[in-house]
Amino acid sequence: FDLCTDGENEFISLLNKGQIPSQSLLKMSHDVELILNGIKYKLKCTRTGSNSFSVAVAGSDALVATGVRVLSDGGYLIEINGKSNVVYLTSKGDVANGMRLNIGGASIVFSPDYDPTCLRTDVAGKLVKKLVPDGATVKKGEAYAEIEVMKMFMPLKVEE
């Protein structure tokens, strides 16, 4: 829901500034990947109306129709098959932490996407030097790059 409304708001903002916005801001279909209890779900969410969506598991023809309304306190009222639930997004999630929802009083935590072939750090800094070439195999504890943080150089080491 937020992806669609954020795109619409940015589209209108750019029009108001006299700019020609990209049509991609009005995209109505989004691929979403969620990891819950170690299982990755690939979903296709399509906006079918101002407050309605259809959600399908990727590769399946089965659809679930939903209705979404934004509540005054920042939550969402989501209707599925005639049953409504109040949902709060308590954490949007990032590389280190997963998305956290509160659905009807129950806390649901989706794990962040984990890809062992991708090396990342939670420290913000400027990449100074790559110590290994792209595609090289690295071992646990081996430094693969150096970054500069507040005029100090730090090696980035493989954690796994």
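Going by the structure above, here's the rest.
Residues numbered from 1 in each chain as written. Predicted model: local features only at pLDDT ≥ 70, side-chain atom pairs only at ≥ 80, totals over all residues. Heavy atoms only, no water.

Draft legend 1. Representation of the sheet that holds strand β2 (residues 39–47) in the model. The strand order across the open sheet formed by 8 strands is β1-β2-β3-β4-β5-β6-β7-β8, and the pairing between neighbours is antiparallel. Lying at the two open borders of the sheet, with one neighbouring strand each, are β1 (29–36) and β8 (106–109). Adjacent strand axes in the sheet meet at a mean angle of 30°, parallel and antiparallel pairs treated alike. Of the strand pairs in this sheet, strand β4 (residues 63–70) and strand β5 (residues 76–80) are connected by 5 bridges, and their pairing is antiparallel. Bridge pairing in β5 places arginine 69 opposite leucine 77. (Pairing = 2+ DSSP bridges. Helix = DSSP H or I, 4+ residues; strand = E, 2+ residues; numbered from the N terminus. Axes fitted to C-alpha atoms, helices over the stretch in contact; angles between N-to-C directions.)

Draft legend 2. Structural detail: the layout of surface pockets. Taken as a whole, the largest pocket holds about 1600 Å³ of empty space. Around the largest pocket, the lining is made up of 42 residues, and of these Val32, Leu34, Cys45, Met99 and Leu101 lie nearest the centre. Top contributing element to the lining of the largest pocket by residue count: β1, with 6 residues. Here the residues of the lining of the largest pocket are counted per class, giving 26 nonpolar, 7 polar and 9 charged. (1 Å grid on protein atoms, 1.4 Å probe; cavity = no way out; pocket = protein on both sides within 12 Å on 5 of 7 lines; lining within 4 Å. Points joined across faces, edges and corners; volume = space filled by probe spheres on them. Nonpolar A, V, L, I, M, F, W, Y, C, P; charged D, E, K, R; others polar.)

Draft legend 3. A look at the packing of aromatic side chains. Following the criterion strictly, the structure yields 2 aromatic pairs and no others. Between phenylalanine 1 and phenylalanine 53 the ring centres are 6.0 Å apart and the planes differ by 70°, which places this aromatic pair in the edge-to-face class. Linking phenylalanine 1 in the segment before α1 (2–16) with phenylalanine 53 in strand β3 (residues 52–57), this pair joins segments that are 52 residues apart in sequence. Classification of phenylalanine 1 as partly exposed rests on a relative accessible area of 25%. On the accessibility criterion, phenylalanine 53 (8% relative accessible area) is buried. Ring geometry for phenylalanine 1 and tyrosine 76: centres 6.0 Å apart, planes at 75°, overall edge-to-face. One end of the pair, phenylalanine 1, is in the segment before α1; the other, tyrosine 76, is in strand β5, and 75 residues separate them in sequence. (Phe/Tyr/Trp six-rings, centres within 6.5 Å; stacked < 30°, edge-to-face > 60°. Buried < 20%, exposed > 50% of the residue type's maximum accessible area, 1.4 Å probe, protein only.)

Draft legend 4. Fine view of the environment of aspartate 134. For aspartate 134, the position within the fold is in the loop between β9 (126–130) and β10 (143–149). Classification of aspartate 134 as exposed rests on a relative accessible area of 70%. Counting along the chain gives 44 residues from aspartate 134 to threonine 90, while the straight-line C-alpha distance between them is 37 Å. A distance of 3.1 Å separates polar atoms of two side chains, one belonging to aspartate 134 and the other to lysine 130. (Polar contact = N/O pair within 3.5 Å; in protein donor to acceptor, adjacent residues only side chain to side chain.)

Draft legend 5. The environment of serine 107, seen in detail. Relative to the elements of secondary structure, serine 107 occurs in strand β8. The partly exposed category is assigned to serine 107, whose relative accessible area is 48%. If near-sequence neighbours (up to four positions away) are discounted, serine 107 is found in contact with Arg100, Leu101 and Asn102. (Contact = heavy atoms within 4.5 Å.)

Draft legend 6. Broad picture of the side chain of arginine 47. Inspection of the secondary structure assignment puts arginine 47 in strand β2. A polar contact of 2.5 Å, which involves the side chain of arginine 47, links it to the backbone oxygen of serine 50. Setting aside anything within four residues of it in sequence, one finds arginine 47 in contact with Phe1, Cys4, Thr5, Glu8, Met28, Ser52 and Phe53.

Draft legend 7. Up close: the side chain of serine 29. By the secondary structure assignment, serine 29 is in strand β1. One polar contact links serine 29 to threonine 46, side chain to side chain, over a distance of 3.3 Å. Leaving out residues up to four positions away in the same chain, serine 29 has contacts with Lys44, Cys45 and Thr46.

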